Amino acid sequence: MVYRYESDEDAFEGRPRPGSELSTIGDAGPAHAGPSPSRFPTPSLPRTARVAPPTPPGPVPPRGAPPFPPPATRAPATTQPLNLPRNRRAPEPGRSGGRLWQVLIGGAAVLVLLALCGLAGAALLPDGISRPKATPSLPAAAPSPSRTERQDIDSRDTDPAPLTAKEVFAGRKLTIGDGEEPYAVLKTQSSANCPTAATDEVADLLVRLGCNQVIRATLRSPDEEYLLTAGLFNLTDLATAQRVRDRLRELLDGREGRFRGMPAGDDTEALTEAPSRVGWQVRGHYLAYCLVVRADGKPVKAGDPKVREVLYDLIELHLDKKVLERRATGGSTGQATTAPGGTN
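Residues numbered from 1 in each chain as written. Predicted model: local features only at pLDDT ≥ 70, side-chain atom pairs only at ≥ 80, totals over all residues. Heavy atoms only, no water.

## Things to note about the overall build of the protein
Check the secondary structure of the protein and you find 7 helices and 7 strands. Mapped in sequence order, the helices and strands of the protein form the string β-α-α-α-β-β-α-β-β-α-α-β-β-α. Per-residue burial over the protein gives 31% buried out of 344 residues. Per element, the accessible surface of the protein, about 23900 Å² overall, is 57% carbon and sulfur. (Helix = DSSP H or I, 4+ residues; strand = E, 2+ residues; numbered from the N terminus. Buried < 20%, exposed > 50% of the residue type's maximum accessible area, 1.4 Å probe, protein only. Areas by Shrake-Rupley, 256 points an atom, 1.4 Å probe, with all protein chains shown as cover.)

As structure tokens, then:
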């Protein structure tokens, strides 16, 4: 927050069922006593009269040896096929040959597939090896730009370069945000004499605590209803700037001094004559401030929203977020304000 002073003088996811029986064909008749007949009885065949074959001349075969049937009565071996079970049947010539062809074709397909995979791997291997070589490697421990460019602005010893008017107020117009109307910069000043921007005890306090530079400018608001003087005091270190910030409240409340408005020609006399509102804030070893008056010289009402907007634009957005942030980080943004002020 920004300190604001509200006094009148200075002012912010099929099968059968179990138990069923099969029916039988015909009538089985009454049951027989004694042992049961065979379930599958041997069928009785009619007997045929057999004619004894003539006894051939020659030796009589020994008794007990089975006589050989005559050759003429033997049936050819090939006239009656063997009804073997399917699983015991000899393999058919055509079937074994077909299975052999399947094995051969499958083996050839596997070989072709392996050959293609080998060719593809050989084609991809050079690219996979050469790509890492062609890609430039980044440094292993390259520091980020923000670390190398960051500058400590908490002390004048680490931030010795003085401010310039061009650094703080670069042109004739000051644009706070994109698409917004700019402030007109009427006059700028860089001085090593800090009391030129303050009076009485406020001026003495700045000198006593080591202020050696002030950069300020007079501007006109975009609606031309307000005039303002804003700038930066260059102090020794952060602790010193905080002491000035805290002491300012007491001095302004007791009317023991004030910030000076800087006239910039005609129609700017109100900066030295009209009641004003003033705000200030600390960042590093700098004290940013802004004094606002009405361009027509009338008193500024306490809590005027336009005055608060002007103070916020100049102190917070421009002097802090742009000027001092650029000095601290070399153009990067986003760092929080050091030791923010309050409102009064």
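There's more to say after this.
## Structural notes on the side chain of Arg-277
As for its position among the elements, Arg-277 is in strand 6 (residues 277-283). Owing to a relative accessible area of 3%, Arg-277 belongs among the buried residues under this scheme. Side-chain polar atoms of Arg-277 contact the backbone oxygen of Val-300, separated by 2.8 Å. (Polar contact = N/O pair within 3.5 Å; in protein donor to acceptor, adjacent residues only side chain to side chain.)

## Quick notes on a nonpolar patch on the surface
Where nonpolar side chains cluster on the molecular surface, the patch consists of Leu-100, Trp-101, Leu-104 and Ile-105 and spans about 480 Å² of accessible area. Along the polypeptide, Ile-105 turns up in helix 1 (residues 93-134). Classification of Ile-105 by relative accessible area gives exposed; the value is 57%. (Patch = residues over 30% accessible without salt bridge, like charges linked within 9 Å, V, L, I, M, F, W, Y side chains within 5 Å. Salt bridge = Lys/Arg side-chain N within 4 Å of Asp/Glu carboxyl O.)

## Description of helix 7 (residues 305-329)
In an α-helix, one full turn covers 3.6 residues, which means residues spaced three or four apart are oriented alike. The principal kink in helix 7, of about 40 degrees, is found at Leu-319. By the N-cap criterion, in which a side-chain oxygen at the helix start approaches the backbone nitrogen of a residue two or three places on, helix 7 is capped by Asp-304, the distance to Lys-306 being 3.0 Å. (Bend = angle between axes of the 7 residues up to and from the residue.)

## Notes on the nonpolar core
Ranked by size, the top nonpolar core spans 30 residues in total, and within it Phe-233, Val-244, Phe-259 and Leu-287 carry the most contacts. It is helix 5 (residues 238-253) that contributes the most residues to this core, 6 residues altogether. Judged by nonpolar contacts, the second largest core, of 27 residues, contains Tyr-226, Ala-230, Val-307 and Leu-311. (Core = buried A, V, L, I, M, F, W, Y, C linked by side-chain atoms within 4.5 Å.)

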